[in-house]
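# Coordinate analysis (summary)
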Amino acid sequence: MAATNNNSSPVRRRISQIFARIREPVSGAPLLGWLLGALVAVILEQLIGLSLARMLGMSRIPALFGIVIVLQKPSLIPSVILYDLLIYVLPTYIIAWLSTAFANWSAAKLLNFNKWVAVLVHIVLIYAVLHIWCDVSDYRLLVVRLILVAIIITASLNVINGYMGEFSCSHPGFIALGAYMASVLTVGLFVDDNFYGPALLPTNLGHFLFPVILILGGVVAALGSIIVAVPSFKTRGDYLAIISLAFMFMVKSLFENLEFVGGARGLGGQPDWATLPVVFSWTILSIWIINNFVRSTFGKSLNAVRDDEIAANAMTVNTRRTKMTAFLFGAFWAGVAGGLFAHVIRYVNPSTFGIQMLAEVLAMVYFGGLNSIQGSIVGAFSINLLSEALRPLEIYKWLIIPLLLILVMIYRPTGLISFTEFDFMNMIQPKRKTKEEVEYAAAAD
Amino acid sequence: MPLLQIDHMTHFFGGLRAVHDFNLEVVPGQVRGLIGPNGAGKTTIFNLITGIYSPTEGTINLEGDNLVGLYPHQIAAKGLARTFQNLRLWRHMTVLEHVKQARYSKLKYGLIGAFFGTPRRQREEEQSDRIARELLELVGISHLADQVVTNLPYGAQRRVELARALAIEPKILFLDEPTAGMNPEELDQMMDIIRQVHNELGMAIYLIEHRMKVVMELCQVIQTLVFGEVIAEGTPDEIRKDPAVIDAYLGKEVEF
Ligand SMILES: Nc1ncnc2c1ncn2[C@@H]1O[C@H](COP(=O)(O)OP(=O)(O)O)[C@@H](O)[C@H]1O
Ligand SMILES: [Mg+2]
């Protein structure tokens, strides 16, 4: 155990030994076990979270693991750490450990029964954890929905910038197209508002048609992306980056000058249809489809075009079609995410879709990791949390996030988790069998 | 009827005449060689045939179909597969992924299959997986299937390129200096592989070589190119004895 290399310092060796010892009891826990643990943790928080927080000197349950409090009141750092340990880390760890045998057995049973049912059970559990966690505060609910939207945005940008290796800066433009398209449809047709007047169609119908509206937003974004995709046939690198940047500004000033959508004042009053289950479902759907695509030979063509376009061509890959597909596909999901975003925030404004959003989405992709779904999820999650934590420092936020981006580029140019395959079916497999588990399974059968 | 017929092909790079009045007939199953000093225009001829450049003049026909003006991927899909003098591999992809990628034009499941993972996609990907593994077996690198290519030794990388080209199911295989940079042992192995590929799959092969041993032993017909012009064409024995070839090329630097 803990066989680290010889030239590491004793301290480092000691630390990695400790970590190995902590990991040992839960090394056989499958994803199902961890999810059960997380479920117990969030339920526990509902029951005793507030009293514990008060006991530790905080007025409320720390909304985002305490990261916001930490910057405002550094004296509370020990309390926050203790809270996170007692409420999240320990219960999850203990349940994952204790349930190992049961969880492995159930995971195996589920997979034997039907692999799609097994996947569905895991997804429902993830949703349950999120739902209960968000129940504690509206702020959490907002942040979680924004993170879920950001995951779609990051994964879709990764298709173009990571999987295909183009440095495209047009994503805020695609997001804006989707956001405005969806907003105009919902605000204009289905709700009473000051700007477009009374609803033209019943609100319930709009609620029902919301998926169609989001898809239309995606389609408009995809159509817009043709403007960037066509030049990409001939140009790569810096020139394409500039073209895509120009596209972003074009879209922004288009909306600034379109009085029909509120001009620079923006457009508000979107109905509250982007609820947690709605956003969650779209995130799962987009990840599923994007992951299917990038793992197919057609999707791998993006990698071939990135790594050597001449070779790709010589090996029968239609590189124009490949580039067009990547842009349309990436932009489509950016558009869908834009529609969701507009209905989470319930207000859009051209200046939202500018250079700051670009910095943020690029940071999510390049920090999380190129050519990776896991990286996209990690990137969206961590940059959003960071961004919330730094919110009190408003201006410095725009120093720290770019600085972080620079550091990542220097020390890990492809990001935290890059060039991986995302295989959910593999993630939900039961882990190795211990003696007790074999006995447990025998007894349970 | 010849498989591939090229008539009076000429190509200029700006003012430089890289290829002049080049003619070629390849019949099915034939193994042909193209030799000539560095800068003679050999690689340019490959690039012209495979559509990377369009010839300034002349015609290229494959089984009666004109190839001039088609995109490289279309020409490749018609059955002209190639390797590159300076390896062109995809540095983040595994060996197996390389070979499967070259099945692109054979896949019919389309974007619907790619997005939703339809049973049809499952079937076609499994089939292309099987074919790819067979080809890796054929060139002797099946044990490296899941390695990323940048981790492989040079000789193995050359074999990846070969297996990848074979996945196109070529009618003609174009090999641009397949033994460049290899030591004598690797060279012998590569020659064996080329022979075996030819025996088992039977396509025509057109290869550019620098080493006389390779062309003389493998090829039925050899062309000698100097300054973009063919100065001699014939069997290995004829080429070996041709005074123009000896004078222009062989006599100076190469011995048999
Ligand atoms: N893309 C290009 N642009 C301009 N000149 C080129 C290009 N490719 C090749 N050449 C020139 O054409 C000539 C033939 O090159 P090449 O076909 O690579 O020779 P070989 O493969 O026989 O060594 C050389 O003089 C080379 O410099
Ligand atoms: Mg050459």
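These numbers were taken from a predicted model, which means no experiment stands behind them.

Calculation notes
Residues numbered from 1 in each chain as written. Chains lettered and ligands numbered in written order. Predicted model: local features only at pLDDT ≥ 70, side-chain atom pairs only at ≥ 80, totals over all residues. Heavy atoms only, no water. Near = heavy atom within 4 Å. Polar contact = N/O pair within 3.5 Å; in protein donor to acceptor, adjacent residues only side chain to side chain. Helix = DSSP H or I, 4+ residues; strand = E, 2+ residues; numbered from the N terminus. Nonpolar A, V, L, I, M, F, W, Y, C, P; charged D, E, K, R; others polar. pLDDT = per-residue confidence, 0-100. 1 Å grid on protein atoms, 1.4 Å probe; cavity = no way out; pocket = protein on both sides within 12 Å on 5 of 7 lines; lining within 4 Å. Points joined across faces, edges and corners; volume = space filled by probe spheres on them. Core = buried A, V, L, I, M, F, W, Y, C linked by side-chain atoms within 4.5 Å. Buried < 20%, exposed > 50% of the residue type's maximum accessible area, 1.4 Å probe, protein only. Domains from an automatic or database assignment. Contact = heavy atoms within 4.5 Å. Salt bridge = Lys/Arg side-chain N within 4 Å of Asp/Glu carboxyl O.

### Details of the site of ligand 1
All names here are of chain B. The environment of ligand 1 is made up of Phe13, Leu16, Ala18, Pro37, Asn38, Gly39, Ala40, Gly41, Lys42, Thr43, Thr44 and Tyr53. Contact between ligand 1 and lysine 42: an oxygen atom at 2.8 Å from a main-chain N or O atom of the residue. The contact in question runs from an oxygen atom of ligand 1 to an N or O atom on the side chain of threonine 44, over 2.5 Å. Counting residues per element, the ones that place at least two in the shell around ligand 1 are β2 (16-26) and α1 (42-49). Of the residues contributing to the shell around ligand 1, the split by class is 6 nonpolar, 5 polar and 1 charged.

### Describing the confidence of the model for chain A
The predicted coordinates of low-pLDDT regions are not to be read in fine detail. Counting all residues, the mean pLDDT for chain A is 91, and 95% of those residues have values of 70 or more. The lowest-confidence element of chain A is helix α19 (residues 435-444) of chain A, averaging 65 in pLDDT; the highest-confidence one is helix α11 (residues 276-295) of chain A, averaging 98.

### Description of the layout of surface pockets
Residue and element names in this part refer to chain A. Quantified by volume, the second largest pocket comes out at close to 640 Å³. Lining of the second largest pocket is provided by 22 residues; of these, Phe341, Thr352, Glu360, Arg391 and Lys397 occupy positions nearest its centre. Taken together, the elements giving at least two residues each to the lining of the second largest pocket come down to α7 (138-163), α14 (319-345), α15 (355-368), α16 (373-389) and α17 (394-411). Sort the elements by how many residues they give to the lining of the second largest pocket and α7 lands first, with 6 residues.

### A few points about the nonpolar core
Judged by nonpolar contacts, the single largest core of 186 residues is most densely connected at Tyr83(A), Trp333(A), Leu340(A), Phe353(A), Leu162(B), Leu166(B) and Leu173(B). A domain split of this core shows at least three residues from each of domain 1 (15-135) and domain 2 (138-426) of chain A. Sequence-distant contacts of Phe353(A), defined by excluding residues within four places in its chain, comprise Pro172(A), Ile175(A), Ala176(A), Ala179(A), Tyr180(A), Met248(A), Lys252(A), Phe341(A) and Val348(A).

### Here's the deal with the pattern of salt bridges
For the coordinates displayed, the defined rule picks out 29 salt bridges over all chains. Note that Glu229(B) is salt-bridged to Arg17(B), the shortest N-O span being 3.6 Å. Highlighted residues: Glu229(B) in strand β10 (residues 229-234) and Arg17(B) in strand β2, separated in sequence by 212 residues. A relative accessible area of 34% places Glu229(B) in the partly exposed class. Note that Arg164(B) is salt-bridged to Glu161(B), the shortest N-O span being 3.4 Å. On the criterion of helical spacing, the pair formed by Arg164(B) and Glu161(B) is a turn pair, its members being 3 residues apart in helix α6 (residues 154-166). When its relative accessible area of 0% is taken as the criterion, Arg164(B) is described as buried. What emerges from the salt-bridge pattern is a single network uniting Arg295(A), Lys300(A), Glu421(A), Asp423(A) and Glu97(B).

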